[in-house]
Amino acid sequence: MELRKSVRPEVLDFKPYTPGLSIDEIRDRYGLNQVIKMASNENPLGTSPVVQEVLARKAGSAFRYAQAGNPALRAALGRFLSVDPEMIVAGNGSDEIIDLLIRIKARPGVDNIVAFCPCFSIYALQAGLCGVELRQAPLGEDMRPDWDGLLALVDEHTALVFVTSPDNPSGYAAPVQELRALQKQLPEQALLVVDEAYIEFADPVENHTVLPLLKNGADLVVLRTFSKMFGLAGLRLGYGIMPAWLADLMLRVRLPFSVNILAEEAGMAVLRDKEFQERTLQVTRQGRTELTRGLEQCNCRVLSSQANFLMFQPPCPADDLFQALLEQGIIIRPLKSYDRPDWLRVSVGNERENRQFLEAVQEVLRGK
Ligand SMILES: *Cc1c(COP(=O)(O)O)cnc(C)c1O
């Protein structure tokens, strides 16, 4: 027991990430044969067939270590984004890049990190684990960002400022001008990190992405992932785009083989698969419109979203609707852990999933 107490307090007090419920769990718990998961913002088309073919073909390379620093993937991403590959670092999900940024930039007990409240939980979890203070400014009405509130928390010890755009769970995407203005007002040592995990779904992307600012020499970091639009959540692949000096430091300290050889191949394959990308966008944008209309017809309040999910407030206790859907084999996301217990988040599914979800919501709310 004495030995256990000697572990770092940040570890003993750590509250782990709460993932969305899994399909197997719910199938077993309620004895169902079909379960629909609309809880984790995964791609409703599944894994691209092109990727499946590449993975099968490359399975025999699994015994090899990946090439250090993933140069082929960085080059492919460089072409895809028209960015110097020296500015790109791939990670085991963008979660790894978030963790690395905090460990590289923020000194425990000295520096602080600033974000909104609620924010993507990984920022808070990794800051806590590293012993770095997290300061959070509340989001405003309908989850809109209050930039002045955020800036008021920044001081000479602020190492990082995290902004998610489009935001999770609201789907709100900040105009690029506002993000540029924010970056200009930060003190020199405070590095702005814009988490663009859902940027591909924004319409149009140009009005929202800060990548052009970075290309023009602004000091900031853009986070992107293969988990959502590119349908590779289970392979774990994300990346950060940042000034080359920072990318160099990050690659030096990153664990050498955190991006595995099959994830790298899959990532390059899906970047080439324009058809999959276009179909994903089309299905998502159409599904987003249909789900919004359907939920509004059921008297739900729906926040306008630029991502592949919707945040909505049902006209009954949110937990009742969440549980009733679960019993019918439809998993969505309660927002208790995001400080919004009266709201729910649903990921845009494919046509069948969206229809079954809306029918189930109608039925539950009729019975209320
Ligand atoms: C899903 C998500 C990520 C990406 O996670 P990966 O580690 O790349 O799977 C990052 N930020 C936000 C806000 C997300 O919702």
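Residues numbered from 1 in each chain as written. Predicted model: local features only at pLDDT ≥ 70, side-chain atom pairs only at ≥ 80, totals over all residues. Heavy atoms only, no water.

Observations concerning the site of the ligand
What counts is decided by this rule: The near set for a molecule or strand comprises every residue that places at least one heavy atom within 4 Å of it. Nitrogen and oxygen atoms within 3.5 Å of one another constitute a polar contact, given that in protein one can donate a hydrogen and the other can accept it, and given that sequence-neighbouring residues count only through two side-chain atoms. Cavity and pocket criteria rest on a 1 Å grid covering protein atoms alone: a 1.4 Å probe that fits but cannot get out defines a cavity, protein on both sides within 12 Å along at least 5 of 7 lines defines an open pocket, and an atom within 4 Å of a point defines a lining residue. Here the criterion for a molecule occupying a pocket or cavity is that more than half of its atoms lie within 2 Å of the pocket grid points. The nonpolar class holds Ala, Val, Leu, Ile, Met, Phe, Trp, Tyr, Cys and Pro. Asp, Glu, Lys and Arg form the charged class, and all remaining residues, Gly among them, are polar.
Surveying the vicinity of the ligand reveals 13 residues, the closest of which are D195, Y198, T225, S227 and K228. Within the contact set of the ligand, an oxygen atom lies 2.6 Å away from a side-chain nitrogen or oxygen of Y198. At a threshold of 2 Å from the grid points, most atoms of the ligand map onto the largest pocket. Class assignment of the residues belonging to the shell around the ligand gives a composition of 3 nonpolar, 6 polar and 4 charged.

Side note on the domain arrangement of the chain
What counts, and what does not: Domain ranges listed in this record stem from an automatic or a database domain assignment. Two residues form a contact once any of their heavy atoms are found within 4.5 Å. Accessible area, probed at 1.4 Å, shrinks when two parts are joined; the buried area is that loss added up over both. We count a salt bridge whenever a side-chain nitrogen from Lys or Arg sits within 4 Å of a carboxyl oxygen from Asp or Glu. By definition, any uninterrupted DSSP run of H or I lasting at least four residues is a helix, any uninterrupted run of E lasting at least two residues is a strand, and each is numbered from the N terminus.
Under the domain assignment, the chain is made up of domain 1 (3–47 + 275–366) and domain 2 (49–272). Once you take the C-alpha centre of each, domain 1 and domain 2 turn out to be 23 Å apart. Listed by partner, the interface residues are 34 residues for domain 1 and 42 residues for domain 2. Taking both sides of the interface into account, the surface hidden between domain 1 and domain 2 amounts to around 3,000 Å²; carbon and sulfur atoms contribute 59%. Together, T47, Q306 and Y338 form the three largest contributors to the area buried by domain 1 at its contact with domain 2, with a combined 24%. At the boundary of domain 1 and domain 2, one finds 1 salt bridge. D142 is the partner of R301 in a salt bridge, and the nearest nitrogen-oxygen pair spans 2.7 Å. In this assembly, domain 1 and domain 2 are joined by 14 residue pairs in polar contact (both at pLDDT 80 or more). For the side of domain 1 that touches domain 2, the elements supplying multiple residues, two or more each, are α2 (9–12), α13 (274–297) and β10 (309–313).

Considering the sheet that holds strand β9 (residues 301–302)
Selection rule: Following DSSP output, two strands are said to pair if at least two bridges run between them. Helix axes use the C-alpha atoms of the stretch in contact, all axes being lines fitted to C-alpha atoms, and the angles between their N-to-C directions lie in the range 0 to 180 degrees.
Read across the sheet, 4 strands follow the order β9-β10-β13-β12 without closing on themselves; strand pairing throughout is antiparallel. This sheet does not close on itself; its edge strands, each paired only once, are β9 and β12 (333–334). Sheet topology note: the β12/strand β13 (residues 344–347) ladder contains 2 bridges and is antiparallel. From the neighbouring strand, P334 faces β13, where its bridge partner is L344. The strands touched by α13 are β9, β10 and β13; relative to β10, the strand with the most contacts, the crossing angle is about 10°.

Description of the packing of helix α12 (residues 261–272) against α13
What counts here: Note on terminology: angles under 35 degrees are roughly parallel, angles over 145 are roughly antiparallel, angles of 65 to 115 are roughly perpendicular, and the others are oblique.
One can describe the packing of α12 onto α13 by two numbers: an axis separation of 5 Å at closest approach and a directional angle of 75°. Classified by the angle between their axes, α12 and α13 sit roughly perpendicular to one another. Residues V270, L271 and R272 of α12 lie in contact with α13, whose contacting residues are K274, F276 and Q277.

A word on the environment of Q356
To keep it simple, the criterion reads: Only protein chains enter the calculation, and the probe is 1.4 Å; a residue is then buried if its accessible area is under 20% of its type maximum, exposed if over 50%, and partly exposed in between.
With respect to the helices and strands, Q356 occurs in helix α15 (residues 351–366). The class for Q356 is partly exposed, based on a relative accessible area of 25%. Excluding residues within four positions of it along the chain, Q356 makes contact with Q34, I36 and I330.

Notes on a nonpolar patch on the surface
Spelled out, the test is: Surface patches are defined over residues having more than 30% relative accessible area and no salt bridge, joining like charges when they lie within 9 Å and nonpolar side chains (Val, Leu, Ile, Met, Phe, Trp, Tyr) when within 5 Å. Under the convention used here, a 1.4 Å probe and the Shrake-Rupley method define accessible areas, while residue burial counts only the protein chains that appear.
A cluster of nonpolar side chains, V7, V11 and L12, forms an exposed patch at the surface whose accessible area comes to about 190 Å². By the secondary structure assignment, L12 is in helix α2.

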